[in-house]
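Each chain is listed here by its residues.
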Amino acid sequence: MDVIRLNSGTDPVYQLFCEYAESECIYRRLERAEFEERFFATVEGYEKVFLCAENAGAAAGIAAGCIKLGGDVSYVTALLVAREYRGMGLGSALLSALEAAMKTPDTKKYEFSFYNPQSLPWIVPGTPRHDHPGYPGMDMHGDGYIFMKNAGYRDYAYQNAYYHKLDGYVTPPDITEKEFSAAKLGYSVTYYDKDRHYGVAECMDAIGSPGFKSAVMNNVCSENAPPLIVAELADPDGAHARMVGFTGPVFVQPSGRGYLAGLGVHPDHRGHGLGKLLFCRLCRALKDEGADFMTLFTGETNPARNIYEAAGMHVARCFSCMRKAIK
Ligand SMILES: CC(C)(COP(=O)(O)OP(=O)(O)OC[C@H]1O[C@@H](n2cnc3c(N)ncnc32)[C@H](O)[C@@H]1OP(=O)(O)O)[C@@H](O)C(=O)NCCC(=O)NCCS
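Residues numbered from 1 in each chain as written. Predicted model: local features only at pLDDT ≥ 70, side-chain atom pairs only at ≥ 80, totals over all residues.

Colleague: Outline the site of the ligand, listing residues and values.
Modeller: Around the ligand, a shell composed of 18 residues is seen, among which Arg-270, Gly-275, Pro-303, Ala-304 and Asn-306 lie nearest. Contributing elements (two or more residues each) for the shell around the ligand: β15 (262-265), α8 (274-288) and α9 (304-310). Here the shell around the ligand gets four residues from one element, more than from any other, and that element is β15. Residues of the shell around the ligand, tallied by class, amount to seven nonpolar, nine polar and two charged. (Near = placed C-beta within 6 Å. Helix = DSSP H or I, 4+ residues; strand = E, 2+ residues; numbered from the N terminus. Nonpolar A, V, L, I, M, F, W, Y, C, P; charged D, E, K, R; others polar.)

Colleague: Account for the pairing of strand β16 (residues 293-299), with residues named and values stated.
Modeller: In terms of residue burial, β16 counts as a mostly covered element, since five of its seven residues are buried. Relative to β16, strand β9 (residues 154-165) runs antiparallel, the two being bridged by seven bridges. Note that in β16 the partner of Tyr-163 across the bridge is Thr-295. Where strand β14 (residues 257-258) and β16 come together, two bridges link them in parallel fashion. Paired with Gly-258 across the strands is Met-294, a residue of β16. (Buried ≥ 20, exposed ≤ 12 C-beta atoms within 10 Å, placed from the backbone. Pairing = 2+ DSSP bridges.)

Colleague: Go over the pairing of strand β3 (residues 58-68) with me, naming the residues and quoting the values.
Modeller: Burial runs high along β3: ten of the eleven residues are buried. Bridge analysis of strand β2 (residues 46-55) against β3 gives ten bridges, and the strand direction is antiparallel. Counted as the bridge partner of Val-49 is Gly-65 from β3. In sequence, β2 turns back onto β3 through a hairpin of two residues, with Ala-56 there showing a positive phi of about 50°. Pairing geometry for β3 and strand β4 (residues 73-81), over seven bridges, is antiparallel.

Colleague: Go over the packing of helix α5 (residues 175-184) against α8 with me, naming the residues and quoting the values.
Modeller: Interhelical geometry of α5 versus α8 gives an angle of 125° and a closest axis separation of 10 Å. On the basis of the axis angle, α5 is oblique to α8. For the pair α5 and α8, the crossing hand works out as left-handed. Taking contact as the criterion, the partners of Ile-175, Lys-178, Glu-179 and Ala-182 in α5 are, on α8, Leu-274, Lys-276, Leu-277 and Cys-280. Residue composition of the contact of α5 with α8, by class: five nonpolar, no polar and three charged. (Axes fitted to C-alpha atoms, helices over the stretch in contact; angles between N-to-C directions. Parallel < 35°, antiparallel > 145°, perpendicular 65-115°, else oblique. Left-handed = near helix turned anticlockwise from the far one by under 90°. Contact = placed C-beta atoms within 7 Å.)

Colleague: Describe the domain arrangement of the chain, with residues and values.
Modeller: For the chain, the assigned domains are domain 1 (2-159) and domain 2 (170-311). Relative to domain 2, the C-alpha centre of domain 1 lies at a distance of 34 Å. Taken together, the contact pairs eight residues of domain 1 with eight residues of domain 2. Breaking the side of domain 1 that touches domain 2 down by element, the ones donating at least two residues are β7 (131-132) and β9. The element that contributes the greatest number of residues to the side of domain 1 that touches domain 2 is β9, accounting for three residues. (Domains from an automatic or database assignment.)

Structural data, given as structure tokens:
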């Protein structure tokens, strides 16, 4: 058996991936071009690695990951061994070969986590092929979880993936009361209006997520961007308002999934119900736009889970962010 590095997909490796996607694993099957794009196309700042264990021209297993160039971390993306080759040490051999191929003089750790830019889409089990765009960690219900633990990877955070079928969405009964209490303090939730709202960058800096900031800044700077939902604190004159929170934008993906770039409230304005008001407004707007479902993930201990659960979402899958330090 030879383990070789591939620079583009071959039919046997593509077929192996497709055979196990959506059966034993929850990866969504990829079209051939998408497979090529995910596993081999260049992503700035990263180097992708794809290994194949070959036996007489057949693909017995694959291992894929990527190196963060100039960083101290390399990411494991996928590891798969064909059923007839299991129990022979091939999975461990492929993982070791992948780690060796992803080790640079700077590498200090390997991770299976949502920071991996090569993350694969997956199907939420028990749904009509409703998918989520990225893996937030190792699927804790799959065989891979224990395998990775035995290979020296340790949990460092847990992520819950939430699912919501939007056709049954109804605004929770306490929302009207929360709107009323927030309004007494000058807060309300509305659509972003460039002639009314100020303080966008300041709000995003205070929330502190670079990913959220770039999504929101790109949205407000673009003419044709889908509408962004914001929480505002009105000025005394009523004509202008400070932006103090955001969610959205309101956009339905071709799969029927209601998109979500993020949810955040400025730390000085938390605890007034704005997180809940923003998210419930988004669910309603997405439903009205024809979205079938929503998926998102958040940390096990993130208080945002209160907001998602109150809106009717449930935990569909748990993922572990795993890490192995190089000794
Ligand atoms: C999560 C976040 C949006 C909440 O904003 P908020 O305006 O304070 O939220 P709300 O006031 O609407 O609170 C909603 C519920 O969560 C609870 N909650 C909010 N923060 C909490 C905390 N730190 N600890 C425990 N519970 C909390 C509230 O008690 C409330 O429950 P209730 O309606 O039953 O009283 C805000 O903390 C934030 O922006 N965090 C950083 C960004 C982030 O993590 N976003 C989520 C990414 S998935």
